[in-house]
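# Coordinates in review
For reference, the chains in residue letters:
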Amino acid sequence: MGVINVLDKHVAELIAAGEVVERPASAIKELIENSIDAGSDNITVEIQNGGITFMRVTDNGCGIMRDDVKLAFLPHATSKIMLENDLESIATLGFRGEALASISSVSKLQLLTCHKSENIGTSYEIDGGEEISLTDAGCPKGTTIIVRDLFYNIPARMKFLKKDRAEGNAVANVIDKIALSHPEIAFTFIRDGKRVLNTSGDNKIKSAIYSVYGRDFANGLIPVNYELDGIKVQGYISLPINARPNRGMQNFFINGRYVKSGTASAAIEEACKGSVMVGKFPACVLHISVPFEAIDVNVHPSKIQVRFINERPIFDAVYHAVKTSLNSGDKRKEITFDGQKRDDAFSEIRRPKPFVTAPASFEKSVPAAQSEPINPFAELNKINNKPVNSVLKASVSDIDSNPFDVYSKEAIKREEKIEKVINENKKPDVPVDTSIVSPELPETPEPEPLYKQPSNKLVFVGEAFKTYIIVEKNDKEIVIIDKHAAHERMIYERLKKERGAGFSQVLLHPVTVLLNKNDYEAAISNLDMFTECAFDVEDFGSGTLIVRAAPQYLDIDDIESSVIEMAGYIAQNKTDIRSEKMDWIYHNVACRSAIKGGNISTREELIDIANKLDEDPTLRYCPHGRPVCVVMSRYELEKQFGRIQ
Ligand code: ADP
Ligand code: MG
């Protein structure tokens, strides 16, 4: 007897459901996308227990006609495409016709809907794919879908769900992204009876950012509004000084859909090069509109990955958009979408259409914004619509005068200040042969003997390249110490030994740190990890932590990024064992707190490092495994100079 069975309808549905509905967040995403496709401008989402026991999405969209209600729950039932050709020009968010069929086969679902052309609403109940009832219902125009007990009939899948809180966070994340992608829609999100998000729907991206990420974040942004060869880039990018330690706040939306795009990330990072410190990443909320046939959204089942037919134009548009904004540095302008008047991708997606007319082709599409008198960015666009070459030229020559190039400016100012202090004190840090280095330097002070151990006589010679401490040891050796590596190793050892105690310094002004939902959740469940590396961190509510104490030596300006980085790490490496995680954190804090090569240190600091290193012969490598010091013997030196044979 053969072994191949044709799966019955129910099993096939369950398998299909698994692909579309992985967890509450994926169901919510599908439901909200349906509401958006239905032309809603007000959408409320409510969940309980992370969405596992209860999810409700209510919209004021077009509703579903009584005759269509049952059809909507059949697999491959959709009002959004009819013919194969439509696939190429699809403008709506969903089109596979799978979501309602899938969700209803793995939950207890109730639909309440009233189509705009009908007077009486419909209530439809369906449990595990089996119809329960279809009745009249008095309800407002629009649609409400209630989903209870997700996966109640698939215990295996139920097991894969995380704790309520984690599932709830995933839902919150989905809603955040969708709210950012549709500033023209007012979103409300109620979690376990508490309203946690409310966007105004005033069509301003900044208002949506404000609601999602908070005031501080919203205030440190530069608008972006640009168009190149038919590709529009609009939104906001963080001021270089507000760059983040990871890419968690880089949000890209292509034609209204949240996507992960390596190309767009690379483009903004390239554009910010020189303005943003190495190792930091600009944050952004950027809407990119491209002709629909230029992208293949069907690549990934969750449609988060996007594939462009040609990546280059996207890179160029995003790059020039960001570069232009950084150079113009205009903070006042607000980016709004004029949904009524705009004739582009965004207005297309707002209305569901059974047939979508093909938009202008990729090559032929023409810049539109320039000719619109109502466009609030007309002025900005005048600059933006310059030919690419002139934009490029402008950006290169303007770099020096860029007011947002804070990093280099600050660095210069700091250097100048330090130089001034040094000159005033007339206390040389490099007491080597002064006749060679500079005749103006004051005379060399007597070498300082540092008798720490009877066996080792250390003499501080000086510092080379603001990085290497030079010490004579026992008249026999020259020890050259990498000041950063040595200091880092010492801090690391101390943190590890004392578990943060005694290494913490109370801050005069506590620092608040805004985190994305995932990182925030990870951080507040692991506050003890912060304590163990000398931070005093508390939950401050709404995605924010408050830092009251931080490790000694850690620059006040580094506290925020340090905490963000740690939270990101904790969130990402959930499966690591705790001691491994702590080790990474110790490394990280030690590295950030240690004095930096290239920075000016006081003579006392340098002597202190040399002494401590001498006292503990185990400190020979930095936590990354680089040597902390190199030793050159007097014998070798004398041999080099031919003093001895
Ligand atoms: P798809 O969105 O891919 O078409 P779904 O299973 O998500 O498939 O939805 C099936 C159909 O049900 C949609 O094409 C649409 O016509 C209708 N529909 C679903 N949700 C809504 C809603 N909130 N408002 C109006 N119509 C809806
Ligand atoms: Mg859908």
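Our subject is the structure listed above.
The following paragraphs examine the structure supplied in this document. Predicted model, so just to flag it, every value in this text is computed and none were measured. (Residues numbered from 1 in each chain as written. Chains lettered and ligands numbered in written order. Predicted model: local features only at pLDDT ≥ 70, side-chain atom pairs only at ≥ 80, totals over all residues. Heavy atoms only, no water.)

Turning our eyes to something else, we now look at the sheet that holds strand β11 (residues 250-254). Reading across from one edge, β9-β10-β13-β11-β12 is the order of the five strands in this open sheet, with mixed pairing throughout. The sheet is open, and its two borders are formed by β9 (221-228) and β12 (257-259), each paired with just one other strand. Direction aside, neighbouring strands of the sheet carry axes that sit 20° apart on average. Examined bridge by bridge, β11 and strand β13 (residues 284-289) share five bridges and lie parallel to one another. Bridged to Ile254 within β13 is Ile288. (Pairing = 2+ DSSP bridges. Helix = DSSP H or I, 4+ residues; strand = E, 2+ residues; numbered from the N terminus. Axes fitted to C-alpha atoms, helices over the stretch in contact; angles between N-to-C directions.)

The final tally for this structure, using the stated rule, is two cavities of 30 Å³ or more. Estimated volume of the second largest cavity: approximately 40 Å³. Lining the second largest cavity, in full, are Arg244, Asn246, Gly248, Met249, Leu515, Asn516, Asp519 and Ile564. Of the residues belonging to the lining of the second largest cavity, the class tally is three nonpolar, three polar and two charged. (1 Å grid on protein atoms, 1.4 Å probe; cavity = no way out; pocket = protein on both sides within 12 Å on 5 of 7 lines; lining within 4 Å. Points joined across faces, edges and corners; volume = space filled by probe spheres on them. Nonpolar A, V, L, I, M, F, W, Y, C, P; charged D, E, K, R; others polar.)

Another aspect to go through is helix α2 (residues 24-37). The first and last C-alpha atoms of α2 sit 20 Å apart over 14 residues, in line with the 20 Å expected at 1.5 Å per residue. Within α2, 13 of the 14 residues are buried, which leaves the element mostly enclosed by the surrounding structure. Positioned one or two residues after α2, Gly39 has a phi angle of 80°, which is positive. (Expected span 1.5 Å × (residues − 1). Buried < 20%, exposed > 50% of the residue type's maximum accessible area, 1.4 Å probe, protein only.)

A separate point is the packing of aromatic side chains. Overall, the coordinates contain eight aromatic pairs when judged by the stated rule. Seen from their ring centres, Tyr213 and Phe217 are 4.9 Å apart, and the 65° between their planes marks the pair as edge-to-face. Considered together, Tyr213 and Phe217 belong to a single accessibility category, that of buried residues. With centroids separated by 6.4 Å and ring planes inclined at 90°, the aromatic side chains of Phe465 and Tyr468 adopt a geometry described as edge-to-face. Under the relative-accessibility criterion, Phe465 is labelled exposed at 70%. Of the residues examined, Tyr468 reaches a relative accessible area of 32% and is grouped as partly exposed. Sitting above the plane of the Tyr152 ring, Lys108 keeps its charged end 4.7 Å from the centroid. Between Arg157 and the ring centre of Phe151, over which it is positioned, the NZ or CZ distance is 5.8 Å. (Phe/Tyr/Trp six-rings, centres within 6.5 Å; stacked < 30°, edge-to-face > 60°. Lys NZ or Arg CZ within 6 Å of the ring centre and 35° of its normal.)

Moving on to unusual backbone geometry. We note that Asn203 has phi near 75°; this positive angle belongs to a residue other than glycine. Tracing the backbone through its elements, the reader meets Asn203 in the loop between β8 (194-198) and α7 (205-213). Despite not being glycine, Ala534 shows a phi value in the positive range, around 80°. Of note, Ala534 is situated in the loop between α18 (527-531) and β21 (536-539).

Okay, the packing of helix α19 (residues 556-572) against helix α20 (residues 578-593) next. At a minimum axis separation of 11 Å, α19 and α20 run at an interaxial angle of 160°. For the element pair α19 / α20, the angle class is roughly antiparallel. In the crossing of α19 with α20, the sense of the turn from one axis to the other is right-handed. Side by side, α19 and α20 meet where Asp558, Ser561, Ser562, Glu565, Met566, Tyr569 and Ile570 of the first sit next to Glu580, Lys581, Trp584, Ile585, Asn588, Val589 and Arg592 of the second. Grouping the amino acids of the contact of α19 with α20 by side-chain chemistry returns six nonpolar, three polar and five charged. (Parallel < 35°, antiparallel > 145°, perpendicular 65-115°, else oblique. Left-handed = near helix turned anticlockwise from the far one by under 90°. Contact = heavy atoms within 4.5 Å.)

Ranked by size, the top nonpolar core spans 57 residues in total, and within it Ile28, Ile32, Val45 and Ile209 carry the most contacts. Both domain 1 (9-198) and domain 2 (220-329) contribute no fewer than three residues apiece to this core. Excluding residues that lie within four positions of it along the chain, Val45 makes contacts with Ile28, Ile32, Arg56, Val57, Ile175, Thr188, Phe189 and Ile190. Counting residues in hydrophobic clusters, the runner-up holds 34 residues, among them Ala523, Cys533, Ile585 and Ala594. (Core = buried A, V, L, I, M, F, W, Y, C linked by side-chain atoms within 4.5 Å. Domains from an automatic or database assignment.)

In total, this model carries 21 salt bridges according to the counting rule given. One salt bridge connects Glu521 with Arg165, and the closest N-O pair in it is separated by 2.4 Å. Here the residue Glu521 occupies a position in helix α17 (residues 517-524), and Arg165 occupies one in helix α6 (residues 164-181), the gap between them amounting to 356 residues. Residue classification places Arg165 among the partly exposed residues on the basis of a relative accessible area of 44%. Taking the shortest distance from any N to any O, the salt bridge between Asp316 and Arg312 comes out at 3.0 Å. Taken together, the positions of Asp316 and Arg312, both in helix α10 (residues 311-328) and four residues apart, correspond to about one turn of that helix. (Salt bridge = Lys/Arg side-chain N within 4 Å of Asp/Glu carboxyl O.)

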